[in-house]
Amino acid sequence: MKIAEVLPSGKTVLRDATPEEEKNIKAVIAAAKPVKRVFEE
Amino acid sequence: MPETLFPPAIKSGIPSADGSGKGSVVLAQSATLTQNSTTAVSATFKVPFGYPNTRVKIIDIIVDVEVVFNSASSATLTVGTAAAGTQYASGVDVKAAAARLRPTFTAAQLTAMKSLTSENVVATITPSGATSTGTVTVTVLYEVG
């Protein structure tokens with residue numbers, strides 16, 4: 001997994017995410033998913 | 001541009017006998033995060049953590065959504081000690097509308113902001129789904145006391 005890192009100069013570089021960052025990114029995406037509502041008849 | 005650098009802790013005022021009457025100077029660092037397709041975009045602010053006899057405190061985080069992230073599913077801004085970390089702010093929706101936003105801080109985040117444990121304050125926008133537009137400027141306000 002890659003991260004686009006904005007440097008103080010304003011330039012953006014692609015770098016590899018650390019394991020902690022990968023875990024964080026997956027958690028953020030999971031938290032943003034809409035809640036599925038199940039309706040029972 | 002020429003810069004003047006001061007020691008990390010900057011206070012101003014007329015000190016009274018009991019030591020009160022001094023206020024800390026509020027400092028700011030900002031960065032503009034521009035979409036990079038489906039890749040998370042982050043910027044790292046270095047604060048003077050670990051400097052002897054000083055304590056760094058985040059006062060506020062301002063999120064200016066100049067162009068919304070048009071991500072297919074979601075685009076979320078977080079601020080923490082590493083990319084996509086949520087120690088200081090989480091769940092800021094930068095897909096909804098162009099506006100100035102402030103995170104809704106949790107009690108744990110407010111506590112973490114009072115006394116930082118790392119020199120890194122990392123703002124990250126994590127998109128989910130195809131993204132082709134998006135520009136957000138994040139400003140971190142802090143004091144060093």
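Values in this document were obtained by computation on a predicted structure and should not be read as measured data. Every chain is numbered independently, its residues counted from 1 as its sequence is written. Think of it this way: whatever chain is written first is A, whatever ligand is written first is 1, and the rest follow in order. With the structure being a predicted model, the display of local features is reserved for residues of pLDDT at least 70 and the display and counting of side-chain atom pairs for 80 or more, all residues being used for whole-chain, interface and lining totals. Side-chain metrics in this entry use all non-hydrogen atoms of the structure; hydrogen atoms and water are not considered.

Bringing the sheet that holds strand β10 (residues 135-144) of chain B into the picture now. DSSP-based pairing: two strands are paired if at least 2 bridges between them are found. Under the DSSP-based scheme used, a helix requires at least four consecutive residues in state H or I and a strand at least two consecutive residues in state E, with every element numbered from the N terminus. Strand order in the open sheet made by the 4 strands is β3-β10-β5-β8 (chain B), with antiparallel pairing throughout. With one partner strand each, in any of the chains shown, β3 (26-34) and β8 (100-101) of chain B form the two edges of the open sheet.

For the rest of this paragraph, the subject is the environment of Val63(B). All names here are of chain B. With respect to the secondary-structure elements, valine 63 resides in strand β5 (residues 56-67). Remark: the alpha-carbon pair of valine 63 and valine 138, spanning 75 residues in sequence, is separated by 4.8 Å. Contacts between residues were defined by any pair of non-hydrogen atoms, one from each residue, lying within 4.5 Å. Among residues more than four places away in sequence, those in contact with valine 63 are Leu77, Val92, Val94, Ala99, Arg100, Leu101, Val136 and Thr137.

Let us now look at the interface of chain A and chain B. With 15 residues of chain A in contact, the opposing surface of chain B contributes 20 residues. By definition, the buried area sums, over both parts, the 1.4 Å-probe accessible area that each loses when the two are put together. Of the roughly 1,300 Å² buried between chain A and chain B, counting both surfaces, carbon and sulfur atoms make up 62%. On the chain A side of the interface with chain B, the three residues burying the most area are Ala4(A), Val6(A) and Val28(A), jointly 37% of the side's total. Basic side-chain nitrogens of Lys or Arg form a salt bridge, by our definition, when they fall within 4 Å of a carboxyl oxygen of Asp or Glu. Remark: the boundary between chain A and chain B carries 0 salt bridges. What qualifies as a polar contact is a pair of N or O atoms within 3.5 Å, subject to a donor-acceptor requirement within protein and to the restriction that residues adjacent in sequence count only when both atoms come from side chains. Taken together, chain A and chain B are joined by 7 residue pairs in polar contact (both at pLDDT 80 or more). Where the side of chain A that touches chain B is concerned, the elements lending two or more residues are β1 (2-6), β2 (12-16) and α1 (19-32) of chain A. Among the elements that take part in the side of chain A that touches chain B, α1(A) stands out by supplying 7 residues, more than any other. Put simply, Ala, Val, Leu, Ile, Met, Phe, Trp, Tyr, Cys and Pro go in the nonpolar bin, Asp, Glu, Lys and Arg in the charged bin, and everything else, Gly too, in the polar bin. Counted by class, the side of chain A that touches chain B contains 8 nonpolar, 2 polar and 5 charged residues.

Residues and elements named next belong to chain B. Counted residue by residue, strand β4 (residues 40-46) has 5 buried out of 7 residues, so it is predominantly covered. Pairing of β4 with strand β9 (residues 120-128) involves 6 bridges; the strand directions are antiparallel. Looking across to β9, one finds that phenylalanine 45 is bridged to valine 121. We call a residue buried when its accessible area falls under 20% of the maximum for its residue type, exposed when it is over 50%, and partly exposed in between, using a 1.4 Å probe and counting protein chains only.

The strands that make up a sheet are held in pairs by hydrogen bonds between backbone atoms, and each pair lies either parallel or antiparallel. The 6 strands are arranged β2(A)-β1(A)-β4(B)-β9(B)-β6(B)-β7(B) in an open sheet whose pairing can be described as mixed. The sheet terminates laterally at β2 of chain A together with β7 (89-93) of chain B, the two strands that pair on one side only. When the angles between neighbouring strand axes are averaged without regard to direction, this sheet yields 25 degrees. A fitted line through C-alpha atoms represents every axis, and for helices the fit uses only the stretch in contact; the resulting angles, taken between N-to-C directions, go from 0 to 180 degrees. Against the sheet, α1(A) touches β1 and β2 of chain A together with β4, β6 (74-80) and β9 of chain B, its axis set at about 50 degrees to β9(B).

In this model, α1(A) (14 residues) spans 20 Å end to end at C-alpha, consistent with the 20 Å of a helix rising 1.5 Å per residue. Considering only its buried residues, α1(A) is in contact with β1 and β2 of chain A together with β4, β6 and β9 of chain B. One less than the number of residues in a helix, times 1.5 Å, gives the span that helix is expected to have.

Attention now moves to the confidence of the model for chain B. What pLDDT expresses is the predictor's confidence in each residue, scored from 0 to 100. Here chain B shows a mean pLDDT of 92. Residues at 70 or above account for 99%. Interface scoring of the predicted complex returns ipTM 0.85; its pTM is 0.90.

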